[in-house]
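Tertiary structure, described
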Amino acid sequence: DGGITQSPKYLFRKEGQNVTLSCEQNLNHDAMYWYRQDPGQGLRLIYYSQIVNDFQKGDIAEGYSVSREKKESFPLTVTSAQKNPTAFYLCASSFGPPGQTHSYEQYFGPGTRLTVT
Amino acid sequence: SQQGEEDPQALSIQEGENATMNCSYKTSINNLQWYRQNSGRGLVHLILIRSNEREKHSGRLRVTLDTSKKSSSLLITASRAADTASYFCATDGNDYKLSFGAGTTVTVRA
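Calculation criteria
- Residues numbered from 1 in each chain as written.
- Chains lettered and ligands numbered in written order.
- Predicted model: local features only at pLDDT ≥ 70, side-chain atom pairs only at ≥ 80, totals over all residues.
- Heavy atoms only, no water.
- Pairing = 2+ DSSP bridges.
- Helix = DSSP H or I, 4+ residues; strand = E, 2+ residues; numbered from the N terminus.
- Axes fitted to C-alpha atoms, helices over the stretch in contact; angles between N-to-C directions.
- Contact = heavy atoms within 4.5 Å.
- Salt bridge = Lys/Arg side-chain N within 4 Å of Asp/Glu carboxyl O.
- Nonpolar A, V, L, I, M, F, W, Y, C, P; charged D, E, K, R; others polar.
- Phe/Tyr/Trp six-rings, centres within 6.5 Å; stacked < 30°, edge-to-face > 60°.
- Buried < 20%, exposed > 50% of the residue type's maximum accessible area, 1.4 Å probe, protein only.

Our focus in this paragraph is the sheet that holds strand S7 (residues 64–66) of chain A. All names here are of chain A. If you walk across this open sheet you meet the 4 strands as S1-S3-S8-S7, and the pairing is antiparallel. Strand pairing shows two members of the sheet lacking a second neighbour, strand S1 (4–7) and S7, which therefore form its edges. Along the sheet, successive strands turn relative to each other by an average axial angle of 20°, direction set aside. Across 3 bridges, strand S3 (residues 19–25) lies against strand S8 (residues 76–78) in antiparallel orientation. In the sheet register, valine 19 faces S8, and the bridge partner there is valine 78.

Below you can see the structure in the form of structure tokens.
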């Protein structure tokens, strides 16, 4: 049963603590992405990775960090430097990144809702 | 940055009616995609249209693309209660990533 999973579904943390969100895919996709969604808004790109051991900052990378040591896994750490971390976090993967001659649909996980108090 | 902007922000229709939503974008694109999101869930890909295509169909969905006006529309025909969701357009240019709009929330009344 192929897909992309995120855990946990809900996460609660105290302010000042780092927290790591898990994202795993068994679709054999090269590219993986992390998005943040705030109420009533679209998705904003945090980080993306086109291949193992490589990743790039998206539009709102400050206060976040990622790693891509395995093709299947792309964990996101929300650090204490992120000023407003409470949000819905979505992980996605695709066969490859968007490009001039091709584009691939992105497959999304179910999301993790992070609440920091 | 969010390139796409959907219009309207919200739409309420009766079951069986058609729903139309629009997406406008600012810079040239290679492709445009539409996604659906049910409340509190991940997004699901609906359809992809390339910049050299003008219209595409998939089941009850019809997407048009007008690159001269930098706009796209998504039409859902004969809507059902299960179509209640938020719909997002996503564009990709030459920067190897998708840019999502803020979405249109569609409510289908029984």
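Alright, that's what it looks like, and here's the rest.
Glancing now at the interface of chain A and chain B. Accessible area lost when the parts come together is the quantity often used to give the size of an interface. Chain A puts 26 residues into the contact, and the matching count from chain B is 24 residues. Between the two partners, chain A and chain B, sit 1 salt bridge. The partner of lysine 97 of chain B in a salt bridge is aspartate 59 of chain A, with the nearest N and O atoms 3.2 Å apart. Those elements giving two or more residues to the side of chain A that touches chain B turn out to be strand S4 (31–37), strand S5 (43–51) and strand S9 (87–94) of chain A. Residues of the side of chain A that touches chain B, tallied by class, amount to 11 nonpolar, 11 polar and 4 charged.

Let us now look at the packing of aromatic side chains. One pass over the structure, following the stated rule, counts 9 aromatic pairs over all chains. Judged by centre distance (6.3 Å) and plane angle (25°), the ring pair of tyrosine 33 of chain A and tyrosine 35 of chain A falls under stacked. With a relative accessible area of 1%, tyrosine 33 of chain A lands in the buried category. Residue tyrosine 35 of chain A is classed as buried on the basis of its relative accessible area of 0%. Where tyrosine 47 of chain A meets phenylalanine 55 of chain A, the ring centres are 6.0 Å apart and the plane angle is 80°; that geometry is what we call edge-to-face. Judged by relative accessible area, which is 8%, tyrosine 47 of chain A ranks as buried. Classification of phenylalanine 55 of chain A by relative accessible area gives partly exposed; the value is 36%. Cluster of aromatic residues (ring-pair linked, three or more members): Tyr33, Tyr35 and Phe108 of chain A together with Tyr35 and Phe100 of chain B.

Remember, this is a structural readout, not a statement about activity or role.
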